[in-house]
Amino acid sequence: MALISDESLERVKQTADIVEVISAHTDLRRQGTRWVGLCPFHEERTPSFSVDAQEKLYHCFGCGVGGDTIKFVEEKEGLGFAEAVELLAERYGVELQREREDPRAEARRQQRRRLGELLDRTAGFYASYLWDSKEAGKARQYLEERGLGEEVLRAFGVGYAPSAWDKVLLLGQRAGFRVEELRAVGLAQKGRGGGEYDRFRSRIIFPIRDRRGRTLGFGGRAMRSDQGAKYVNTAETDFFHKSHMLYGIDLAKEAIAKAGRAVVVEGYTDVLALHQAGVEEAVGVMGTAITEEQVAALSGMVDEVVLALDADAAGQEAMLRAQRVASGRRMRLRVAAMPAGEDPAEMMAADGGAERFRTLVTDAVDLPAFQVGLVLERTDTSSPAERDRALEVEIAPILAGIGEGATQDDLVRQVAERFDMDPATVKGKVVAARPASGGSAQPGTRGNGAAVPPGRTRGAALTSRERRERALLAMCIALPTEGREYLSRLSDEHLSSSGARIAAWLREHPEDPASNLPHDDDELAGLIAELVILAHDEPASAEAMELNFLLLEQRRLEAEIAAAGERDDYERRATLSRERAALVERIAHTERVG
Ligand SMILES: [Zn+2]
């Protein structure tokens with residue numbers, strides 16, 4: 001395949017005038033080192049869109065989009081990467097040179113294709129085994145009893161894994177695949193004795209496919225109670241990350257686009273039962289809570305997501321994180337209150353179940369309101385201490401997470417009434433719960449940019465840890481020498497998942513992180529653009545870096561202490577607590593010096 005040469009690409013980037021390109025879509029005003037204007041990607045009345053003409057990057061502090069000139073053209077003109085480069089080249093008179101592709105990249109793509117074929121073939125084998133083998137009789141019966149018909153089972157490629165130890169291993173090898181390849185896609189695993197065996201045995205198999213219908217992994221449901229875990233999934237591999245996947249998205253995507261919303265359920269059979277009943281915008285999260293990555297994946301497709309999950313059981317932390325991602329992307333998360341002890345699959349199996357489910361979806365309430373409702377319900381309002389605790393620990397973080405606005409005001413009033421408090425007191429707690437800015441060494445305002453009104457920024461929706469880590473990572477860009485040291489001291493345990501990805505990118509591109517933004521990963525490209533812009537106009541100092549690092553270290557240590565406590569490992573907990581005490585002292589000292 002002929003590719004645009006790196007030199008041409010570089011020339012296009014250098015020549016294209018990002019301010020001019022973007023000015024065709026929104027008015028930009030110069031403000032300090034940046035250009036600012038109303039975001040051309042989301043509705044707003046006060047500008048949160050920023051362009052860095054020198055770094056040739058844009059970023060919206062409101063909706064979080066960002067990238068370089070090429071990315072902007074891709075997004076605004078609906079073009080692919082190469083087409084966007086061609087358009088800019090033509091406009092700015094750059095002649096594009098083409099070259100043959102790097103043979104290693106070609107080899108990697110081929111290997112990926114091979115592994116994809118292996119997964120597809122195996123999915124085909126499992127599916128035919130479900131329908132054709134005697135061994136799978138019990139599985140067929142189970143699925144039938146759950147009310148799932150052959151048509152929907154075949155559409156989703158549901159299958160059965162034989163009880164033999166090595167059936168898939170042998171079939172795969174016979175088809176020309178190596179054992180390492182079977183292991184790379186999570187189909188084979190090493191036993192204690194060192195030999196390889198099939199990961200999935202005697203289980204109903206649900207192929208987990210991406211948006212384009214390619215099988216990337218499997219979920220396997222046990223058929224007997226003595227089989228260990230009820231569900232086993234493909235382990236994390238290079239291309240299977242369960243937390244990023246939505247079960248059934250390949251078959252749901254059209255209905256989702258048409259309905260303008262997605263219905264999110266927990267399990268495989270819930271998705272199947274709903275599709276069978278005509279609720280085709282249903283997808284599964286394969287867990288009790290929706291992950292940040294799943295919210296991000298849906299945010300490109302819809303602006304409303306209805307959770308038919310057990311939102312009561314799901315960890316509040318997980319839901320808070322999902323809510324933060326959603327509000328950052330102008331997406332509504334609503335909760336359909338499922339009756340206790342009944343999942344969608346069971347509901348569909350009963351008479352009139354589909355109708356009842358549709359009503360629940362229509363009546364769904366906003367996630368923050370639902371969560372606040374849960375807290376209000378279980379709080380003993382007669383005890384002032386209990387009320388204070390519920391407000392401070394549970395309610396305030398939820399309300400702070402949704403940002404200021406009519407919804408927040410409504411809920412503040414509701415809580416005030418219920419707790420018999422002054423709304424201003426409730427509001428005060430909410431404001432106090434707002435994630436702090438990136439460390440006390442940082443000034444409270446955003447550099448010289450009055451462009452970002454407080455409370456409306458996406459930054460406000462970040463947790464204090466995320467703000468702290470972003471402040472530190474931005475300083476790693478601003479001060480590259482110190483940056484290298486901190487990047488090597490930071491481990492994934494210090495960082496959120498997005499922070500860890502940014503850090504990995506900065507380690508790989510220490511010289512000039514923004515010159516070659518990843519064009520197959522919008523989210524990462526946006527994050528890098530944001531940080532480079534921040535690095536450009538936020539103050540940075542070695543003291544502030546150290547302080548931010550120590551505060552992240554404290555968070556890490558606290559998580560480890562909690563984990564030791566959960567294991568009842570009191571000795572370890574005591575050791576760690578002593579470490580924490582020393583650390584807290586160091587932090588106090590650093591703060592005094594800084
Ligand atoms: Zn925006």
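Structural data are supplied above this passage.
The rules behind each value
Residues numbered from 1 in each chain as written. Predicted model: local features only at pLDDT ≥ 70, side-chain atom pairs only at ≥ 80, totals over all residues. Heavy atoms only, no water. Axes fitted to C-alpha atoms, helices over the stretch in contact; angles between N-to-C directions. Helix = DSSP H or I, 4+ residues; strand = E, 2+ residues; numbered from the N terminus. Parallel < 35°, antiparallel > 145°, perpendicular 65-115°, else oblique. Left-handed = near helix turned anticlockwise from the far one by under 90°. Contact = heavy atoms within 4.5 Å. Nonpolar A, V, L, I, M, F, W, Y, C, P; charged D, E, K, R; others polar. Donors = N, O, S within 2.8 Å, 3.2 Å for Na, K, Ca; no water. Tetrahedral: all angles 85-135°; square planar, octahedral: opposite > 155°, others 65-115°. Pairing = 2+ DSSP bridges.

## Some remarks on the packing of helix 18 (residues 406-419) against helix 19 (residues 423-433)
- Look at helix 18 against helix 19: their axes get within 9 Å of each other, and the N-to-C directions meet at 120 degrees. Judged by the angle between their axes, helix 18 and helix 19 are oblique. You can see that helix 18 and helix 19 cross each other, and the crossing is right-handed. Here helix 18 contributes Gln408, Asp409, Val412, Val415 and Ala416 to the contact with helix 19, which in turn contributes Pro423, Val426, Lys427 and Val430.

## Observations regarding the packing of helix 5 (residues 103-132) against helix 8 (residues 167-174)
- As a packed pair, helix 5 and helix 8 sit with axes 11 Å apart at the nearest point and diverge in direction by 130 degrees. Judged by the angle between their axes, helix 5 and helix 8 are oblique. Of the two elements, helix 5 crosses helix 8, and the hand of that crossing is right-handed. The residues of helix 8 that touch helix 5, namely those facing Thr122, Phe125 and Tyr126, are Lys167, Val168 and Leu171.
- In terms of residue class, the contact of helix 5 with helix 8 is made up of four nonpolar, one polar and one charged.

## Quick notes on the coordination of the zinc ion
- Looking at the zinc ion, one finds its protein donor set to be Cys39 (SG), His42 (ND1), Cys60 (SG) and Cys63 (SG), positioned 2.0 to 2.3 Å from the metal centre.
- With four donor atoms in place around the zinc ion and angles of 103 to 120 degrees between them, the coordination shape is tetrahedral.
- Read in sequence order, the donor residues for the zinc ion give the motif C-x2-H-x17-C-x2-C. Within this pair, whereas His42 is found in the loop between strand 3 (34-37) and strand 4 (49-52), its partner Cys60 is found in strand 5 (residues 57-60), the two being separated by 18 residues in sequence.

## Some details on the environment of Ala504
- Tracing the backbone shows Ala504 in helix 22 (residues 497-508).
- Along the backbone, Ala504 and Pro539 are 35 residues apart, and their C-alpha atoms lie at a distance of 23 Å.

## Thoughts on the sheet that holds strand 16 (residues 304-307)
- Spatially, five strands are ordered 15-14-16-17-18 in an open sheet, and the strand pairing comes out mixed. Every interior strand has two partners, whereas the edge strands, strand 15 (282-284) and strand 18 (365-366), have only one.
- Relative to strand 16, strand 14 (residues 262-265) runs parallel, the two being bridged by three bridges. Bridge assignment links Val263 to a residue of strand 16, and that residue is Val306.

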